[in-house]
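Tertiary structure, described
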Amino acid sequence: MKKYKVTFKPFEKTIEIASGQNLFDIAKKAGIELNSSCGGEGTCGKCKVIVKEGKFKAASFIKLSQSEIEKGYVLACQTEPMTDLLIDVPPESIMRKGQKIATGSRAKDLEKLLKNLDKEIKPRARKIALTLTPPDLEDNISDTDRMKRELSKSGYIPERIYCSLKLLRDLNHILREGNWKITLTTIERGNTLEIIGIEAGDTTGLRYGLAVDIGTTTIVVYLVNLIGGKIIDIASTYNSQARCGDDVITRIVYATERGGLGELNNLVISDVNDLVKILTEKQKIDPRLIDSIVISGNTTMTHLFFGIDPKYIREEPYIPAANLFPLVMAGEIGIEVNTDAVIYALPGVASYVGGDITSGVLAAGLNKEEELTLFIDVGTNGEIVLGNSEWLMTAACSAGPCFEGSGIKHGMRATDGAIEEINIDRKTYDVHRGVIGDEKPIGICGSGMIDAIAEMFLSGVIDQKGKIREEIGLPRIRKGEEGVEFVIAWKEETGINKDIVLTEADINNILRAKAAIYAGFSILLKEAGSSFSDVSKVYIAGGFGNYIDVEKAITIGLLPDMPPEKFIFLGNTSIMGAYFCLLSKKMRKEAEGIARKMTYIELSVSRAFMDEYLSALFLPHTDITAFPTVQKMLKS
Ligand code: FES
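The notes below deal with the structure included here. Given the structure is predicted, the values throughout are model-derived calculations rather than measurements. Along each chain, the written sequence defines residue order, and numbers are assigned to residues from 1. Selection of residues for local features in this predicted model requires a pLDDT of at least 70, selection of side-chain atom pairs for listing and counting requires 80 or more, and totals for whole chains, interfaces and linings are taken over all residues. Here the side-chain values reflect all heavy atoms present in the structure, with hydrogen atoms and water set aside.

1. Digging into the nonpolar core
We define the nonpolar core as a collection of buried residues of types Ala, Val, Leu, Ile, Met, Phe, Trp, Tyr and Cys that are connected through side-chain atoms lying within 4.5 Å of one another. Each residue's exposure class comes from its accessible area (1.4 Å probe, protein chains only) as a fraction of the maximum for that residue type: buried when under 20%, exposed when over 50%, partly exposed otherwise. By size, the foremost hydrophobic cluster in this structure holds 88 residues, and its most contacted members are Phe305, Ile335, Ile343 and Tyr579. The helix and strand labels rest on DSSP assignments: H or I over at least four residues marks a helix, E over at least two residues marks a strand, and numbering proceeds from the N terminus. Looking at this core element by element, the count peaks at nine residues for helix H7 (residues 261-283). Residues are treated as being in contact if the distance between any of their heavy atoms lies within 4.5 Å. Ignoring sequence-local partners within four residues, the contact set of Ile335 consists of Ile269, Val272, Asn273, Ile293, Phe305, Ala330 and Ile343. In terms of nonpolar packing, the next biggest core, distinct from the first, is built from 78 residues, Cys402, Ala418, Val535 and Met562 among them.

Structure, rendered in C-alpha cells:
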C-alpha cells in the first residue's frame, strides 16, 4: 500500500498515511478538527480546504463555486491524496470549541432552588455502611447471611435483598479486608433492595455524582457533592458526534446506513469521560467515588449514549426503542467512574421530544403553573410544550439546525469570530456588527441571522417573502455564484479574506426554520382551543435562547408578538433538571409524571401544521395583524 505525507497549514502538522483515506479523516488523525454538518456526505460544504501542492482525486465538487475550484479548494471529506500534499486549512473550516455553551443557572441559585423543591437529598443509589460481627464457631452463618442479618436490623427483609453472583465473588475478601466494616451501594427496585456495589470500610461520607446534559451540539457535566448537593465544578465541550452530522437525522443515518452506531456511541462516551477526567483531576477527586449519574438528552442522543440503534426514530410511525430507560451501571457502557455507579436517564415522551424536554419542563416548573404557559427549547431542533398544572401538550417542529449555522453559506455556531448582532443604518445601509470575542468576523451565528433578517426587513433590503430587493441598487446587493446575496462584511473587514454574505437561499432556510417554530406554537394553541393572548408567559430554554434579541425575533415572526416581559430566558434547563433528579427522589418521580402526562402531537403528518407553516413563511407572517408591534415599526 502506498504511503503519502500530508502537511496542514497553518498548523505546520505533517502526517504520513496509507492511501485510500480522505483528507477529513487524515486531518482528524493529525489532530485537526474540520467543520462538518453532513457527516462526510459531501453536501454541506463546511469542510473546504485548499490544496496548495500535490495531486489528489476528488469524488465531488458540489458545494464549491467555480472560483473556489480554480483557487484549489476541495471538500476534505471527498478528496484523497494521490501524492504528498500541502494543504491550507482556511479559518472558517476549523471547528472552534469551547465558547458560549450554556451551562445552566448560577450554581448557588440552583442549589437554593433545589432546597425549596425538596429538602431531602436522595440520589438514585443509596450507600449503606455496615459493621458486622466477625464469625466464630458459634456464629458460623455465611458471609451473605451475616450481611443480610445486619441489614435486617435497619428494617430490610432478608428475602428481599438481592446480591449478584459477580458481587458475591468479592464479598468474602472485601469483608475481611475491611475488618468487617463494609459499605454497600444499593438501589431499590420495587420491594427489593438490590446491592450493586460493595466496598471495604465506611465510604458514605465521600460521595459524588454527575448531572450530564447530552445535547446534539454540546455536552455539559456538573460534578456534584452528593452529601449536601453542592455543585463542585462544571465542564462542557462540543459533542464530538458533530463530525458525523449536525442534526439528529444525519446522525441516525450515519448510525444505521453507514454502520456508525459504535463510532457515535464511542464519541459521546469519550466526550463524557474526558469531561469527568478534567473535573476530577482539577478537583482532586477519585472518580471511583462517583456513584450516581443522571443524564438528560433528546431521544436520539439518549439512544446513542446507550448504544441503542436509533433507526426506527426516523421511520414512520417514528418509534423509539424506549422512552423510560432501565438503570444502567457505568461499567456496562464504559463511563470511567465507579463501575457500579447507577445511570438514570430522564424519561422522554416520543421520538422527537426526549428527556431533555421533560427535564426542561421540570426545571421551569411548567407543570405547576396555574396559567397557560409556553415553553420552547430552540437548539439544534425546536421543541415546544404548552400547558399548566392540569395538562401538558408537546410537539417537535423540525426547525433544523440552521440557527447553529448548518445550511447557511457563512453560518457558524456561536463561537469566537461569529457575528452575533447586526444593525443596518436606515439611510446609508451601513452594517454595524457585534462579533463574539471581539475579533474579525468569520461567519454568522443564529442570533446574528435573526438580527440580519429583521434589520434587512425593516430597512427594506428584503421584502415580506424574504426576497432581496435588487432594485435598490446597493453595492452590498449583488448576484453571487449562488444567486442574489447581501454583503454583511467586506473581505477586508473579515478574518477569512472573503466577503461574508447572506444569500437568498440562506434567508429562505431561516424563514423555513422560524415558520416551523411559529406554526408549532399555533397548532398547540389551536389543539388547546386557546390563542396567544391566553398565554401568560413564554419560557425560552436552550443556549441559543440566551442570546437572541426578543424584539428582532418578533420582527421576523419567530416569536409571537407579546410584551417583552412575558418572555423568560432560562438557559440550559436540560442540565438543571438533571441536577434536580440527581439529588431528589421526589423530582425523579415528578419527571416521570411529566413524561407520562405530556400529550405528544405529531406535526410532520398534520395538514393543519402545513397550512400554519405556509402562512408563517412570510415576514413576519401573512397575517400581519397578529404582529401589531411590527406593523407599527414598518409604518414608522
Ligand atoms: Fe465535507 Fe460536509 S461536505 S463534511
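From this point on, the discussion continues.
2. Topic: helix H6 (residues 248-256)
Counting buried residues in H6 gives seven out of nine residues, a clear majority hidden from the surface. Every buried residue belonging to H6 is among Val248, Thr250, Arg251, Ile252, Val253, Tyr254 and Ala255, and all of these are buried. Buried residues along H6 sit against H7 and helix H8 (299-306).

3. Remarks on the packing of aromatic side chains
For Phe, Tyr and Trp, rings pair up if their centres lie within 6.5 Å, where Trp contributes its six-membered ring, and each pair is then called stacked (planes under 30 degrees apart), edge-to-face (over 60) or tilted (otherwise). On inspection of all chains with the given rule, the structure shows ten aromatic pairs. Considering the side-chain rings of Tyr518 and Phe627, the 5.5 Å spacing of their centres and the 40 degrees angle between planes classify their relative orientation as tilted. A residue pair is termed long-range when its members are at least 10 positions apart, and Tyr518 in helix H12 (residues 504-527) and Phe627 in the loop between helix H16 (607-615) and helix H17 (628-635) qualify at 109 residues. For Tyr518, a relative accessible area of 5% puts it in the buried group. Both rings, one in Tyr579 and one in Phe580, keep their centres 5.9 Å apart while their planes meet at 55 degrees; by these two values the pair is tilted. The same class applies to Tyr579 and to Phe580, which are both buried.

4. Thoughts on the sheet that holds strand E17 (residues 342-345)
The rule for pairing is simple: two strands pair if DSSP sees at least two bridges between them. The strand order E14-E13-E12-E15-E17-E16 describes an open sheet built from six strands, whose pairing is mixed. Taken across any chain shown, the strands that pair with only one partner, and hence form the sheet edges, are strand E14 (231-238) and strand E16 (328-329). As paired strands, strand E13 (residues 218-225) and E14 are joined by seven bridges and run antiparallel to one another. For Val224, the partnering residue across the bridge sits in E14 and is Ile231.

5. Quick word on the environment of Gln78
Within the secondary structure, Gln78 is located in the loop between strand E5 (73-75) and strand E6 (79-81). Relative accessible area serves as the criterion here: at 15%, Gln78 is assigned to the buried category. Separated by 363 residues in sequence, Gln78 and Pro441 have C-alpha atoms that sit 27 Å apart. For Gln78, the contacting residues outside a window of four places in its chain are Gly40, Glu41, Gly42, Lys57, Ala58, Ala59 and Ser60.

6. Brief notes about unusual backbone geometry
The omega angle of the peptide bond from Lys9 to Pro10 is 5 degrees, so this bond is cis rather than trans. Within the secondary structure layout, Pro10 lies in the loop between strand E1 (3-9) and strand E2 (13-18). Residue Pro620 is bonded to the preceding Leu619 through a cis peptide linkage, with omega at -15 degrees. Note on placement: Pro620 falls in the loop between H16 and H17.

7. Some details on the pattern of salt bridges
Take a side-chain nitrogen of Lys or Arg and a carboxyl oxygen of Asp or Glu: if they are within 4 Å of each other, that pair is a salt bridge. Applying the stated criterion across every chain yields a total of 37 salt bridges. Glu68 is the salt-bridge partner of Lys498, the closest N and O atoms lying 3.6 Å from each other. Taken as a pair, Lys498 in the loop between strand E25 (483-489) and strand E26 (500-503) and Glu68 in helix H2 (residues 66-70) lie far apart in primary sequence, 430 residues in all. Taken individually, Lys498 and Glu68 each receive the classification buried, so the pair is uniform in this respect. With a shortest N-O distance of 2.8 Å, Glu92 and Lys498 are connected by a salt bridge. Taken as a pair, Glu92 in the loop between strand E7 (85-88) and helix H3 (107-117) and Lys498 in the loop between E25 and E26 lie far apart in primary sequence, 406 residues in all. Of the two residues, Glu92 and Lys498, both sit in the buried class. Here the salt bridges share partners, and the residues they tie into one network are Lys48, Glu68, Glu92 and Lys498.

8. Looking at the sheet that holds strand E21 (residues 418-424)
Spatial strand order, E22-E21-E23: three strands in an open sheet with mixed pairing. Two strands bound the open sheet, and with one partner strand each, they are strand E22 (431-435) and strand E23 (443-444). Summarising the sheet, E21 and E23 pair through two bridges and their orientation is parallel. Residue pairing in the sheet places Ala418 in a bridge with Gly443 of E23. Here an angle of 0 to 180 degrees is reported between the N-to-C directions of two axes, which are lines fitted to C-alpha atoms, with helices fitted over the stretch in contact. Packed onto the sheet, helix H11 (residues 446-458) meets E21 and E23 and runs at close to 15 degrees relative to E21.

9. Describing the environment of Thr358
Positionally, Thr358 belongs in helix H10 (residues 355-364). The spacing of Thr358 and Thr573 is 215 residues in sequence and 9.5 Å in space, taken between C-alpha atoms. If we ignore the near neighbours within four places in the chain, the residues touching Thr358 are Leu346, Pro347, Gly348, Val349, Ala591, Ile594, Ala595 and Met598.

10. Considerations on the packing of helix H14 (residues 573-583) against helix H15 (residues 585-597)
Interaxial distance between H14 and H15 falls to 5 Å at its minimum, and their mutual angle equals 125 degrees. By the criterion of interaxial angle, the relationship of H14 to H15 is oblique. Here the hand of the crossing between H14 and H15 comes out left-handed. Contacts between H14 and H15 involve Phe580, Cys581, Leu582 and Leu583 from the first element and Lys585, Met587, Arg588 and Ala591 from the second. Of the residues that constitute the contact of H14 with H15, the class distribution is six nonpolar, no polar and two charged. Roughly parallel means an angle under 35 degrees; roughly antiparallel means over 145; roughly perpendicular covers 65 to 115; every other angle is labelled oblique. The hand of a helix crossing depends on one turn: near helix anticlockwise from the far one by less than a right angle means left-handed, and clockwise means right-handed. Throughout this entry, Asp, Glu, Lys and Arg are counted as charged residues, while Ala, Val, Leu, Ile, Met, Phe, Trp, Tyr, Cys and Pro are counted as nonpolar. The remaining residues, Gly among them, count as polar.

11. Notes on the pairing of strand E3 (residues 48-53)
Bridge analysis of E3 against E5 gives three bridges, and the strand direction is antiparallel. When the bridges of E5 are listed, Ile50 appears paired with Tyr73. With three bridges joining them, E3 and E7 adopt antiparallel strand pairing. Bridge pairing in E7 links Glu53 to Leu86.

Geometry only, nothing functional implied.
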